[in-house]
Amino acid sequence: MTDAHTAPAPRTTGGLLTFGETMGLIVATAIGTLEHARDFTFGIGGAESNVAIGVARLGAPATWIGRVGSDAAGDLVGRRLRAEGVRAVTVRDPSFTGLMVRHQRAAGVVHVDYHRAGSAGSRLTSDDLPVDAVRQAAILHLSGITPALSASARHATRYAVAAARAHGVLVSVDVNYRSKLWDRDTARRELRGLVTEADIVFAGVEEAQLVLGSHATAPERLAMDLAALGPAEAVVKTGSRGCTARLDGVTHAEPALSVPVVDTVGAGDAFVAGYLAERLEGGGPAQRLRTACAMGAYAVSVPGDCELLPTRDELDTFLKAGDVLR
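All values derive from a computational prediction rather than experimental measurement.

So, the overall build of the protein chain
Each helix and strand in the protein chain was counted, giving 11 helices and 13 strands. Principal axes of the C-alpha set define a box for the protein chain whose edges measure 55 × 50 × 40 Å. Scored against the burial criterion, the 326 residues of the protein chain give a buried share of 56%. Across the protein chain, the fraction of contacts at a sequence separation of at least 24, relative to all contacts at a separation of at least 6, is 70%. When the accessible surface of the protein chain is split by element, carbon and sulfur atoms take 53% of a total near 13200 Å². Of the charged side chains in the protein chain, 33 are positive and 36 negative; the average position of the first set lies 2 Å away from that of the second.

Considering the sheet that holds strand β2 (residues 23-28)
Strand order across the open sheet formed by 4 strands is β3-β2-β6-β7, with mixed pairing between neighbours. Since the sheet does not close on itself, it has two edges, and those belong to β3 (40-45) and β7 (109-115), each with one partner. The sheet shows a mean angle of 25 degrees between the axes of neighbouring strands, direction not considered. Alignment of β2 against strand β6 (residues 99-106), held across 4 bridges, turns out to be parallel. Counterpart to I26 in the pairing with β6 is V101.

Focus on the environment of R82
Mapping R82 onto the fold places it in helix α2 (residues 72-83). Judged by relative accessible area, which is 45%, R82 ranks as partly exposed. Along the sequence, R82 and I145 sit 63 residues apart, while their C-alpha atoms lie 23 Å from each other. In this view, R82 contacts A88 and T90; residues no more than four positions away in its chain are not counted.

Some details on the nonpolar core
Inside soluble globular proteins, nonpolar side chains tend to come together where they are buried. Ranked by internal contacts, the top residues of the largest apolar core, which has 52 residues, are V55, V235, Y275 and L276. At the level of secondary structure, the elements contributing two or more residues to this core comprise α1 (47-57), β4 (62-69), α2, β10 (200-204), β12 (243-247), α9 (267-280), α10 (285-300) and α11 (312-325). The next biggest cluster of nonpolar side chains, apart from the first, holds 44 residues, and it includes L140, V161, A227 and L229.

Some details on the pattern of salt bridges
Tallying each qualifying case throughout the model produces 16 salt bridges. Note that D128 and R67 form a salt bridge whose closest N and O atoms lie 2.7 Å from each other. Remark: R67 occurs in strand β4 and D128 occurs in the loop between β7 and α3 (131-136); sequence separation between them is 61 residues. One exposure class covers both D128 and R67, and it is buried. With a closest N to O distance of 2.2 Å, R135 and D132 form a salt bridge. Within this pair, R135 and its partner D132 are both found in helix α3, separated by 3 residues, close to a single helical turn. Under the relative-accessibility criterion, R135 is labelled partly exposed at 33%. A network of salt bridges, in which partner residues are shared, links R67, D93, R123 and D128.

Section: the sheet that holds strand β13 (residues 250-254)
Strand order in the open sheet made by the 9 strands is β5-β4-β1-β8-β9-β10-β11-β12-β13, with mixed pairing throughout. Single-partner strands in this sheet number two, and they are β5 (87-93) and β13. Neighbour to neighbour, the strand axes of the sheet diverge by 15 degrees on average, direction disregarded. Where β10 meets strand β11 (residues 233-237), 5 bridges bridge the pair, whose relative direction is parallel. Across the sheet, I200 pairs through a bridge with E233, a residue of β11.

A look at unusual backbone geometry
Even without being glycine, N176 reaches a positive phi, approximately 45 degrees. The topology assignment puts N176 in the loop between β9 (170-174) and α6 (184-197). Although it is not a glycine, D248 adopts a positive phi angle of roughly 50 degrees.

Focus: the packing of helix α5 (residues 151-166) against α6
Where α5 contacts α6, the axes come no closer than 11 Å and their chain directions differ by 15 degrees. With respect to each other, α5 and α6 are oriented roughly parallel. For the pair α5 and α6, the crossing hand works out as left-handed. Listed contacts from α6 to R154, T157, R158, V161 and R165 of α5 are T186, E190, L194 and E197. Partitioned by chemical class, the residues of the contact of α5 with α6 number 2 nonpolar, 2 polar and 5 charged.

About the cut-offs
- Residues numbered from 1 in each chain as written.
- Predicted model: local features only at pLDDT ≥ 70, side-chain atom pairs only at ≥ 80, totals over all residues.
- Heavy atoms only, no water.
- Helix = DSSP H or I, 4+ residues; strand = E, 2+ residues; numbered from the N terminus.
- Buried < 20%, exposed > 50% of the residue type's maximum accessible area, 1.4 Å probe, protein only.
- Contact = heavy atoms within 4.5 Å.
- Areas by Shrake-Rupley, 256 points an atom, 1.4 Å probe, with all protein chains shown as cover.
- Lys, Arg positive; Asp, Glu negative; His and termini not counted.
- Charge placed at Lys NZ, Arg CZ, Asp CG, Glu CD.
- Pairing = 2+ DSSP bridges.
- Axes fitted to C-alpha atoms, helices over the stretch in contact; angles between N-to-C directions.
- Core = buried A, V, L, I, M, F, W, Y, C linked by side-chain atoms within 4.5 Å.
- Salt bridge = Lys/Arg side-chain N within 4 Å of Asp/Glu carboxyl O.
- Parallel < 35°, antiparallel > 145°, perpendicular 65-115°, else oblique.
- Left-handed = near helix turned anticlockwise from the far one by under 90°.
- Nonpolar A, V, L, I, M, F, W, Y, C, P; charged D, E, K, R; others polar.

Laid out in structure tokens, this is it:
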């Protein structure tokens, strides 16, 4: 089987551009039922902003665009992203900033309640995405969450992809299927369309099966079949086993690092951030995948979605120690 094309190297100017919904995040700090929780933290969470923060922590430029409400949570989104070195373009909306409430019922069993129907973030439109911002980027990254939010967000996603392709900007897609947001048939059609337009695609095993309409379980087969849809770089995330990728017609595998698991939320976003940061820096396949797996491992070894993602120096130190843990 021949893969569709070879993705060009990203531009030396520009950086990562991403967009989507970032919400306020309330987290119960102790394990147990939500009704018995007494202590909480308040932060932000969103797949695309998590990736932007991870990329910025590793020293690459990153821009995030999204709608937020004129409320305390919306203020926090902008402040947190800018504090992380992300260029945050927040469009104020009369609706409210979405909210997530998360707790661990038992160790490793995470429950998340979303309060986002009609939220500011779901009202994203193509007008929020300046063509100049897309044109100046090296990589446009999006997730399958955004087109699931609303008709206007879906149109904005398609608009951004078309603009990126028209201006020679690499398109990166993390499938990120969310069953609470749309049904499988609608999701499959939309996500498959995005994958065919992408240069880089990331998917878990079940997400790859959804996009492909396949029952295959071998990551190597799934990566090859995703690449056959169009992306030059197809990466299948396999959690504690690491990842398998089809990159420019060659299959690669990278094992995971063995670390104590504290919190698995955000690990997939950290993985993507590691890969894209190295892609922006011109790293080869082995370096991209190694950094991606290291970022994912680091993310599960600390609490939170994005707050404790490592800097480049911290990741280098972690990798030196991690070699012993493989």
